[in-house]
Amino acid sequence: CALPISGVMSTAVSNASDPRIRTMLRLAVKAVPRGSSGGGDAIRHGILNIMRTHGIKEGHRPGIECKFIEQWHQKLHTNSAPDDIAICEGYLAYLSSGNVDEMYRVMWECGKLTREDLGKMCQMGFKDHTKSGGRGLNFTPVHLPHMYDDVKNFLGLLKHVHGGTDLFALCEACKGQYPDHDSECLAFSIFHSREDPFSMGKILDLRRRLEPISWKRDVLMLDVAMEEQLRTLAERSDVAAMPRDDLLTFIFLILEDLMLSRHDPSLQQGYGLLQKLMQQGSKWSPEWCKMLHAAFDRLALTCTATADCISTALQDCADQLLQAGSKPGAVFSPEEKHLGTFGEEKARCLTERVLAQTLKVFMPQVRRLSGLGPWEVVASGSLGGAVGVVQPVAQLPSEAPAEAQVLLVETMTGWEDIPANIHAILLPAGQAVDTLSHVAIRARNQEVLLASCDEDQQLQQLRQMKGQNLRLQVSATGEVTLQATSEKSKLKNSTAAAFLAETMKPPPAPPTQVLPATDFTKHQKSIGGKSLHLAELMVDGTYSVPVSATIPYGMFEQVLKDKANEGIEEELQEVLEEGDLNEARNFLEEELAVPSSLRGALDAALGADAKALDAGDWQRALKKVWASKWTDRAVASRKQMKVPDKALYLAVLVQPVVHAQYAFVIHTRSPLPGASPDAALVELCVGLGESLVSNAPGRALSASVEGQAINVHVYPSKPEGVFVPEGGTAIFRSDSNGEDLEGFAGAGLYDSVTVKECEHRSIDYAEEPLFFDVQFRSQLLLKLFQIGRQIEKNFSGQAQDIEGAVTADGKIVITQSRPQV
C-alpha cells in the first residue's frame, strides 16, 4: 500500500490551506516510503533470488542456515519498510568487513537502529520461522562475502521503493517530470554538491521551479528532501561569524524557503516587512535598526508559535498512543522512551527552529546598533534597584519565599501575581512584557524591579549565581548592573493588608439593578473605579467615552438569594470548600439564573447601543465576570493580602466595544528609568487593547513624548491583532472594590468578557502607517500626549494610566483612566 499512501499524501499537501496542517503533512511525507508500482513484489522476489542464488536455507528448502537472512526475508515479505535500507547498509558493512560490530554501527548511523530494535522485529507481524524466542533479527549473520554485489543491487531496489529521503533516488525518480531540462540538471548538481553551503541558493532556485508541480508525488518528495537538505546546511552555518549584510541575506534565504513550504500569510507579511525595510535609505541607522529589530521579533514569534503548535499537537497524539498501548490486549505497545518527547523532537526538525535561532543571534547586535543596551526595564524597583538571593525558576511561584529573592524567570504570561518577598524579576528578552501588562502594574505597585535582558552571557552569569546575594542597580539610562554583596535585604513590612481591612468595607445595598452613566457619581459607593473615573471625565470634544451602564456592587449576592436560585449559594459554598475553583466557576455559569428584568434595565441605560448585547449570550458573559471572583489568581492574591472572599465585591461595567483601528495606553508620567518628569510614555498597538493588557506575544509601539519631542523606543511587533467581530459586540468589564487601592494592584485579577468573541487577525506592518508613516505616527502620538495632559488636569494633576482607542476616522475614545501606579 506504499503507492496509495504517498499519492494520498501529495494530494493532501497540495490541498492544505492551513500552514500548520501543511507543516505536519510535510513532516509525515519524510517518513512515508516513496513506493513504486509493484515495489513490494520486487522486494520479495529480490530477496528470494539472493537466497536461492547463494543457497541460503528457505523454509523447508535445504541450504546454508543463516537465521539473520531467514528472519529478514520474513520481514521483507510481510512488513517491508524504510528501516530495511539501514538494515541492508549494515549487512553490507558486515559482508565487507566480517565485523558484526561494524554492522550494528552502520545500522545505527543510517537508521538509528539498535540491537534491541532488531530483537523486537519479530513482533511486527511476520512469522518467526527460526523460533528465535523474541530475538527477531538480532543474530550474527553467517559471513558470506561473495553475496556483496547482489546485496548491493538489492539496496538500490530498497532505496528506489522506500528512499523518500534519499536525494539521488528522488532526483532519478523525477526524471520525465521536471518542468524543464535545466531543472533536472540543477537537481543532480545539487546532489553532487550537497555538502557545499553555497548549494543553499541552488536549492531555493530548484524549489521555486518545482512549486507549480509539487502536487505530483515524486516532485513533492524531492521538494521535501531539498527543504531538509537546506535546513541541514543552514544548521551547520556559523551565523555568529557572518558580517551583518551576509547574515541578512542568509535570513532572507531561509525565510523564502519556509514560505515555499508553509504558504503562511504571517510569514509572507514578515517577509514583506523586511523587503520594505531594505528599500529604506537609512540602512543600519539607529532608527532603521529599531524597525529591523521589530521585524525580526515578529518573525521569531511566528516561528515559535508554529513550532509550539506542532510540538503540542504531535505530543498529544503520542500520549494518546502510549495510553492506548498500555491497556490490556493492545496490539501495539510503544515504549515511553520513544514517544515521551516525540513532539519536541519533531519540532526540532523544523526550519522554523533554524530561523528563530539565527534571529536570536542577530537581534542583540541589531539592538546595540539602534543605541539600546541589553536591558529593558519596565519597573525600577525600590529606589532604583533591588537586593536579594538569586533563584532561577521556570515560572513565577504562587507562594512567597521565606527570604528576599531575585528571580530569573524563564517564561512569563503577563497575568501573574507577584508574591511577597520577591524584590526583582529578570527575564530573557523573548519574555519581555508590555508596560501595562498586569504583572508590570503589580511590579510598579509593589516596588519590584522587572526587567528583561537579551544577552545570554549575562543571563547565564545570573543562573550560575544561584543562592548568592545580589545587588541590582538601575541607572538613569536604564542599564542594570549586577554585583554580588554580603548585604542582606530586609523583607518589606507592608501595611497594605491592614489598610485594605479599613478600605474594603461592605458597599451599600444596590440602589437599582443597573445604573446609567448619569447616576455614577450619585452612587459612587456602589460602583468601582473604572465606572467612577469615566463619569468624572470632562468630555470636551477632543475625545469621547463609550455609552456605559454598571451593574452595581451587591447585585451578584442579591441574584444568588433570588428564589429562582434557591440552593445555589449553598451548593457553591460546598464546591468552594472542596477547593475546586474551576468547578465552582463552571457551576455558576451553568446553574445561576439571571433575572429577566436585568435585560430591560440594561436596555434603558444603554439606549440604542443595547443592540450590541444581541451579538451573543450576554447572560453567560455576565456570569463569567461574576464567576471570575474565584479564578486561581484572584483567590491567591486575596489570600496573600489577607482579603476574605466576603470583602470582595464585583460591579460590572457594560459597554459596546469600540471599533478600534488602534488601542493605546498613556502613562502621563513615564515610568521608565531616568525619564523627565514632564515626559509621558505612550504605547500603541493595532486593533483592540486586549493585546496590550494581556501581554500578547510581541511588543507594542512604545514612545516617550515631551512637548513636541518624540522618541520611539520600540516599534510594534505583535503578529496578531484583536478586532471587533462583524456586527459589533458588547463587553462586560469587571469593576471590583479591590482595584486601584494603595499597596494592592487588583486590576486584571477579575475577568472582562465580550458577548461575542473578538476576531484575531495577522497584521501586515509593511502596509501599516504606524510603522512607516512618520508624519502620521508623530501627529497621533502628540495628540495622545495632549489628551493625557488634559485628563491629568481633570484629576487635579494626579498622574494617570489612560486606556483608549483610535477609530478608523481618527476619533479618540477613552475607555478607562485610573491613578498611575
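Thresholds applied
- Residues numbered from 1 in each chain as written.
- Predicted model: local features only at pLDDT ≥ 70, side-chain atom pairs only at ≥ 80, totals over all residues.
- Heavy atoms only, no water.
- Helix = DSSP H or I, 4+ residues; strand = E, 2+ residues; numbered from the N terminus.
- Buried < 20%, exposed > 50% of the residue type's maximum accessible area, 1.4 Å probe, protein only.
- Contact = heavy atoms within 4.5 Å.
- Areas by Shrake-Rupley, 256 points an atom, 1.4 Å probe, with all protein chains shown as cover.
- Lys, Arg positive; Asp, Glu negative; His and termini not counted.
- Charge placed at Lys NZ, Arg CZ, Asp CG, Glu CD.
- Expected span 1.5 Å × (residues − 1).
- Pairing = 2+ DSSP bridges.
- Axes fitted to C-alpha atoms, helices over the stretch in contact; angles between N-to-C directions.
- Patch = residues over 30% accessible without salt bridge, like charges linked within 9 Å, V, L, I, M, F, W, Y side chains within 5 Å.
- Salt bridge = Lys/Arg side-chain N within 4 Å of Asp/Glu carboxyl O.
- Parallel < 35°, antiparallel > 145°, perpendicular 65-115°, else oblique.
- Nonpolar A, V, L, I, M, F, W, Y, C, P; charged D, E, K, R; others polar.
- Core = buried A, V, L, I, M, F, W, Y, C linked by side-chain atoms within 4.5 Å.
- Left-handed = near helix turned anticlockwise from the far one by under 90°.

S.K.: Got a minute to help me understand the overall build of the protein in this structure?
M.R.: Helix and strand content of the protein: 31 helices and 20 strands. C-alpha extents for the protein along the principal axes are approximately 105 × 70 × 60 Å. The 821 residues of the protein split such that 53% are buried. If you take every contact in the protein between residues at least 6 apart in sequence, the share linking residues at least 24 apart comes to 69%. About 35,500 Å² of surface is accessible on the protein, with carbon and sulfur atoms providing 51% of the total. Treating the 82 positive side-chain charges of the protein as one cloud and the 104 negative ones as another, the clouds have centres 2 Å apart.

S.K.: I would appreciate a short explanation of helix H4 (residues 67-79) in the present structure.
M.R.: Residues spaced three or four apart along an α-helix point in a common direction, a consequence of the helix completing one turn every 3.6 residues. Between its first and last C-alpha atoms H4 spans 17 Å; for 13 residues at 1.5 Å apiece the expected length is 18 Å, and the two agree. Within H4, burial applies to Phe68, Ile69, Glu70, Gln71, Trp72, His73, Gln74, Lys75 and Leu76.

S.K.: Hey, could you run me through unusual backbone geometry in this one?
M.R.: With the exception of glycine, most residues fall at negative phi, and the peptide bonds are largely trans. If you check the backbone angles, His263 has positive phi at about 50° while not being a glycine. For His263, the position within the fold is in the loop between helix H13 (244-262) and helix H14 (265-278). A relative accessible area of 32% means that His263 is categorised as partly exposed. Within the chain, Trp284 stands out as a residue other than glycine whose phi angle is a positive 70°.

S.K.: For this particular structure, what's the right way to read the pairing of strand E6 (residues 469-474)?
M.R.: Within a regular beta strand, the side chains point alternately toward one face of the sheet and then the other, so they alternate between its two faces. Two elements, strand E2 (residues 385-393) and E6, share five bridges in a ladder whose sense is antiparallel. Paired with Val389 across the strands is Asn469, a residue of E6. Across five bridges, the pairing between E6 and strand E7 (residues 480-484) is antiparallel. Its bridge partner lying in E7, Arg471 is registered against Gln483.

S.K.: What is the right way to read the environment of Thr518 from this model?
M.R.: Looking at the element boundaries, Thr518 is found in the loop between strand E8 (515-516) and helix H22 (529-536). Judged by relative accessible area, which is 68%, Thr518 ranks as exposed. Through-space distance from the C-alpha of Thr518 to that of Ala535 is 7.5 Å; in sequence the pair is 17 residues apart.

S.K.: Mind showing me how you'd approach helix H18 (residues 351-369) here?
M.R.: The terminal C-alpha atoms of H18, which comprises 19 residues, lie 27 Å apart, in line with the 27 Å expected from a rise of 1.5 Å per residue. If you follow the buried residues of H18, they end up packed against helix H12 (217-236), H13, helix H15 (286-325) and strand E1 (375-380).

S.K.: So what exactly am I meant to see when it comes to the sheet that holds strand E16 (residues 730-736) here?
M.R.: Think of a sheet as strands paired side by side through backbone hydrogen bonds, with each pair either parallel or antiparallel. Reading across the sheet, the five strands line up as E8-E9-E10-E16-E17 and stay open at both edges, with antiparallel pairing between neighbours. If you trace the sheet from one side to the other, it starts and ends with E8 and strand E17 (752-754), each paired once. Pairing of E8 with strand E9 (residues 549-551), which is carried by two bridges, proceeds in the antiparallel orientation. Counterpart to Leu515 in the pairing with E9 is Thr550. Contacting E8, E9, strand E10 (650-656) and E16, helix H26 (residues 597-606) crosses the sheet at an angle of about 155° to E9.

S.K.: What exactly am I supposed to notice about a negative patch on the surface here?
M.R.: A surface patch of negative charge is lined by Glu566, Glu570, Glu571, Glu574, Glu577, Glu578, Asp580, Glu583 and Glu591. Elements represented by at least two residues in the negative patch include exactly helix H24 (568-578) and helix H25 (581-591). Counting residues per element, the negative patch draws most heavily on H24, at five residues. One can find Glu583 in helix H25.

S.K.: Could you clarify how one ought to interpret a nonpolar patch on the surface in this entry?
M.R.: Nonpolar side chains collect at one region of the surface, where Leu321, Val331 and Phe332 lie side by side and expose about 330 Å² of accessible area between them. Mapping Leu321 onto the fold places it in helix H15. Residue Leu321 is classed as partly exposed on the basis of its relative accessible area, which comes to 37%.

S.K.: I keep staring at the packing of helix H2 (residues 19-31) against H12 and nothing clicks. Help me out?
M.R.: Packed helices, taken two at a time, are described by the angle their axes make and the gap between the axes. Contact geometry of H2 with H12 gives a least axis separation of 10 Å together with a crossing angle of 100°. The angle between H2 and H12 falls in the class roughly perpendicular. Facing Arg26, Val29 and Lys30 of H2, the residues of H12 in contact are Leu220, Met221, Asp223, Val224, Glu227 and Glu228. Residue composition of the contact of H2 with H12, grouped by class: four nonpolar, no polar and five charged.

S.K.: Explain the side chain of Arg789 here, please?
M.R.: The topology assignment puts Arg789 in helix H31 (residues 774-794). Residue class for Arg789 comes out buried when judged on its relative accessible area of 16%. Each residue touching Arg789, except ones within four places of it in the same chain, is listed here: Thr668, Arg669, Asp678, Ala679 and Ala680.

S.K.: How do you make sense of the sheet that holds E2 when you look at a structure like this?
M.R.: Sheet architecture is open: seven strands sit in the order E1-E5-E4-E3-E2-E6-E7, paired in mixed fashion. Two strands lie at the open edges of the sheet, namely E1 and E7, each paired on one side alone. Neighbouring strand axes in the sheet, compared pairwise and without regard to direction, differ in orientation by 30° on average. As judged from the five bridges shared by E2 and strand E3 (residues 405-409), these two strands associate in the parallel manner. Considered in E3, the bridge of Val389 is made with Gln405. The sheet contacts of helix H19 (residues 438-445) involve E1 and strand E5 (449-453), and relative to E1 the element is tilted by about 60°.

S.K.: Would you mind showing me how to read the environment of Leu204 here?
M.R.: In this structure, Leu204 sits in helix H11 (residues 199-210). By relative accessible area, Leu204 is classed as buried at 4%. The sequence separation of Leu204 and Leu230 amounts to 26 residues, and the corresponding C-alpha distance is 8.1 Å. Here Leu204 is in contact with Leu230, Leu253, Glu256, Asp257 and Leu260, once residues within four sequence places are set aside.

S.K.: Any chance you could explain the pattern of salt bridges here in plain terms?
M.R.: Scanning all chains against the criterion turns up 48 salt bridges. With a closest N to O distance of 2.4 Å, Arg236 and Glu195 form a salt bridge. Here Glu195 lies in the loop between helix H10 (181-192) and H11 and Arg236 lies in helix H12, a separation of 41 residues in the sequence. Residue Arg236 is classed as exposed on the basis of its relative accessible area of 51%. Relative accessible area serves as the criterion here: at 48%, Glu195 is assigned to the partly exposed category. Residue Arg348 is joined to Glu344 by a salt bridge in which the shortest nitrogen-to-oxygen separation is 2.7 Å. Overall, the relative accessible area of 40% leaves Glu344 in the partly exposed class. Ionic contacts of the salt-bridge type, sharing partners, join the residues Arg26, Arg207, Asp223, Glu227, Asp257, Arg262 and Glu352 into one network.

S.K.: Looking at this structure, I do not really get the nonpolar core. What am I missing?
M.R.: Proteins that are soluble and globular tend to have nonpolar side chains buried together. Formed by 104 residues in total, the largest nonpolar core has its most connected members in Leu222, Leu274, Leu292, Phe296, Leu684, Ile812 and Ile814. Sorting elements by how many residues they give to this core places H13 first, with 11 residues. Dropping the residues within four chain positions of it, Leu222 is found in contact with Leu167, Leu170, Cys171, Cys174, Tyr178 and Leu210. Of all hydrophobic cores here, the second largest spans 46 residues; its members include Val514, Leu560, Val652 and Val755.

S.K.: Could you clarify how one ought to interpret the packing of H10 against H11 in this entry?
M.R.: Relative to each other, H10 and H11 sit at 145°, their axes nearing to 10 Å. Classified by chirality, the crossing of H11 by H10 is left-handed. Judged by residue contacts, Asp182, Ser183, Leu186, Ala187, Ser189 and Ile190 of H10 engage Lys202, Ile203, Asp205, Leu206 and Arg209 from H11. Classifying every residue of the contact of H10 with H11 gives five nonpolar, two polar and four charged.

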